[in-house]
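The primary structure of each chain is shown beneath.
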Amino acid sequence: MTNPFRVRWLQGWLFQIVFMEGHVQVEAHGFGICLRTAVLPGESPRSAADRLVLAEDRRRRALHHAWLRGQGLPRAPERAYPPLSEASSERPVSLVVVE
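Here we summarise the structure given alongside this text. These numbers come from a predicted model, not from an experiment.

Following the sequence through the fold, E43 ends up in the loop between β3 (33-38) and α1 (45-71). The exposure class assigned to E43 is buried, which follows from its relative accessible area of 19%. Reaching out from E43, the side chain makes a polar contact with the side chain of R51 at a distance of 3.0 Å. For E43, the contacting residues outside a window of four places in its chain are A38, A48 and R51.

Tallied over the full model, the rule gives 1 aromatic pair. Taking 5.5 Å as the distance between ring centres and 70° as the angle between the ring planes, the aromatic pair formed by W13 and F31 counts as edge-to-face. In this pair, W13 is assigned in the segment before β1 (14-20) and F31 in the loop between β2 (23-30) and β3, connecting sequence segments 18 residues apart. Judged by relative accessible area, W13 falls into the buried class, the value being 9%.

A word on the sheet that holds β3. Spatially, the 3 strands line up as an open sheet ordered β1-β2-β3, and their pairing is antiparallel. Here the strands that pair on one side only, and so sit at the sheet edges, are β1 and β3. Taking each pair of neighbouring strands and ignoring which way they run, the sheet shows an average axis angle of 25°. Taken together, the 7 bridges between β1 and β2 define a ladder with antiparallel strand orientation. Counted as the bridge partner of Q16 is E27 from β2.

What counts and what doesn't
- Numbering of residues starts from 1 in every chain and runs along the sequence as written.
- Local features in this predicted model are restricted to residues of pLDDT 70 or higher, and side-chain atom pairs are both shown and tallied only at a pLDDT of 80 or more, whereas totals for entire chains, interfaces and linings draw on every residue.
- Calculated side-chain values reflect all of the structure's heavy atoms, with hydrogen atoms and water omitted.
- Secondary structure elements follow DSSP: runs of H or I no shorter than four residues count as helices, runs of E no shorter than two count as strands, and numbering proceeds from the N terminus.
- Accessible area is worked out with a 1.4 Å probe on protein chains only. A residue is then buried under 20% of its type maximum, exposed over 50%, and partly exposed in between.
- Polar contact is defined as a pair of N or O atoms within 3.5 Å, subject to the rule that within protein one atom must be able to donate a hydrogen and the other to accept it, and that residues adjacent in sequence are counted only when both atoms are side-chain atoms.
- When checking whether two residues touch, look at their non-hydrogen atoms; a contact exists if any pair is within 4.5 Å.
- Any two of the Phe, Tyr and Trp rings considered here, Trp counted by its six-membered ring, make a pair once their centres fall within 6.5 Å; the pair's planes then place it as stacked at under 30 degrees, edge-to-face at over 60, or tilted in between.
- Two strands qualify as a pair provided that DSSP identifies no fewer than 2 bridges between them.
- Lines fitted to C-alpha atoms define the axes here, with helix axes fitted over just the stretch in contact, and angles between the N-to-C directions of these axes take values from 0 to 180 degrees.

Now the structure itself:
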């Protein structure tokens, strides 16, 4: 296995085995983010990479579905506010004059 490595069924991701904080970890780079997880005892780096991306995919899908559910909320009726009768048309005092 070379370092960095790719997993065939996870297109768009590049994985790297790193030794960090006293543990062997798999680091995933793809789609603008970087994820990291420890390699569990008895687990191969490929299965750790698969587990890492699967957990991120589940998290993103849950966030997407929660966002979609929030789109269907009923909106409060819009109120027509009367124009302000006592509004001042004075220019605000500023330290910088731009003309």
